[in-house]
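Understanding the architecture of this molecule
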Amino acid sequence: MPQAYFFLLIAVIAETIGTTALQASQQFTRLWPSVIVVIGYGLAFYFMSITLRFMPVGIVYAMWSGLGIVLIALIGYLVFGQHLDWPAVLGLGLIISGILIIHLFSNSASH
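If you're wondering where the values come from, they're calculated on a predicted model, not measured in any experiment.

Definitions and cut-offs
Residues numbered from 1 in each chain as written. Predicted model: local features only at pLDDT ≥ 70, side-chain atom pairs only at ≥ 80, totals over all residues. Heavy atoms only, no water. Helix = DSSP H or I, 4+ residues; strand = E, 2+ residues; numbered from the N terminus. Expected span 1.5 Å × (residues − 1). Buried < 20%, exposed > 50% of the residue type's maximum accessible area, 1.4 Å probe, protein only. Contact = heavy atoms within 4.5 Å. Axes fitted to C-alpha atoms, helices over the stretch in contact; angles between N-to-C directions. Parallel < 35°, antiparallel > 145°, perpendicular 65-115°, else oblique. Left-handed = near helix turned anticlockwise from the far one by under 90°. Nonpolar A, V, L, I, M, F, W, Y, C, P; charged D, E, K, R; others polar. Polar contact = N/O pair within 3.5 Å; in protein donor to acceptor, adjacent residues only side chain to side chain. Core = buried A, V, L, I, M, F, W, Y, C linked by side-chain atoms within 4.5 Å.

Attention now moves to helix H1 (residues 2–24). For H1, which comprises 23 residues, the first-to-last C-alpha distance of 33 Å matches the rise-based estimate of 33 Å (1.5 Å per residue) to within 8%. Turning to H1, its buried residues are Ala4, Phe7, Leu8, Ala11, Val12, Ala14, Glu15, Thr16, Gly18, Thr19 and Ala21. The secondary structure elements touched by the buried residues of H1 are helix H2 (31–51) and helix H3 (57–78).

See the structure below:
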């Protein structure tokens, strides 16, 4: 099971890099950020598919998308100066809580 979480973490990091580059690509008008978008998402889906060997798709997707949302919101705030109001912070906290509940208490996290 730790191997599955390792692959999932790589998928989340690759997706986060791809999404960050998507913002920097300025709607695919800049070459290198656009290339990073394609590579980042390709790696993200590849490593997510490997994770699916060990865990059910619903759990993998919930954790992948949830962690990606939180990381992108933080990068948007820190790198791009995007504002997060209290409802956004609360929502992100609920996403993190959901991921922790799945990880700590669910028996569905493994086949």
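Back to the write-up after that little detour.
With that settled, consider unusual backbone geometry. Here Gln26, not a glycine, exhibits a phi torsion of approximately 50 degrees, which is positive. For Gln26, the location among the structural elements is in the loop between H1 and H2. Phi at Phe28 is positive, roughly 60 degrees, even though this residue is not glycine. Inspection of the secondary structure assignment puts Phe28 in the loop between H1 and H2.

Turning our attention to the environment of Ser49. Its place among the elements puts Ser49 in helix H2. Judged by relative accessible area, Ser49 falls into the partly exposed class, the value being 37%.

At a closest axis distance of 7 Å, the pairing of H1 and H2 adopts a crossing angle of 160 degrees. Comparing the axis directions of H1 and H2 gives the class roughly antiparallel. In this structure, H1 crosses over H2, and the sense of that crossing is left-handed. Among the residues making up the contact of H1 with H2, the classes are represented as 19 nonpolar, four polar and one charged.

Note that Thr16 resides in helix H1. A relative accessible area of 7% places Thr16 in the buried class. Reaching out from Thr16, the side chain makes a polar contact with the backbone oxygen of Val12 at a distance of 2.7 Å. Thr16 has contacts with Gly68, Leu71, Ile72 and Ile75, leaving out every residue within four places of it along the chain.

Here the focus is the nonpolar core. One broad rule of soluble globular proteins: the nonpolar side chains tend to lie buried together. Within the largest apolar cluster, 17 residues are counted, with the highest numbers of intra-cluster contacts made by Leu8, Met55, Met63 and Trp64. Every element with two or more residues in this core is listed here: H1, H2, H3 and helix H4 (86–105). A per-element tally of this core places H1 first, with six residues. Once residues within four sequence positions are removed from consideration, Leu8 is found in contact with Thr51, Val60, Met63 and Trp64.

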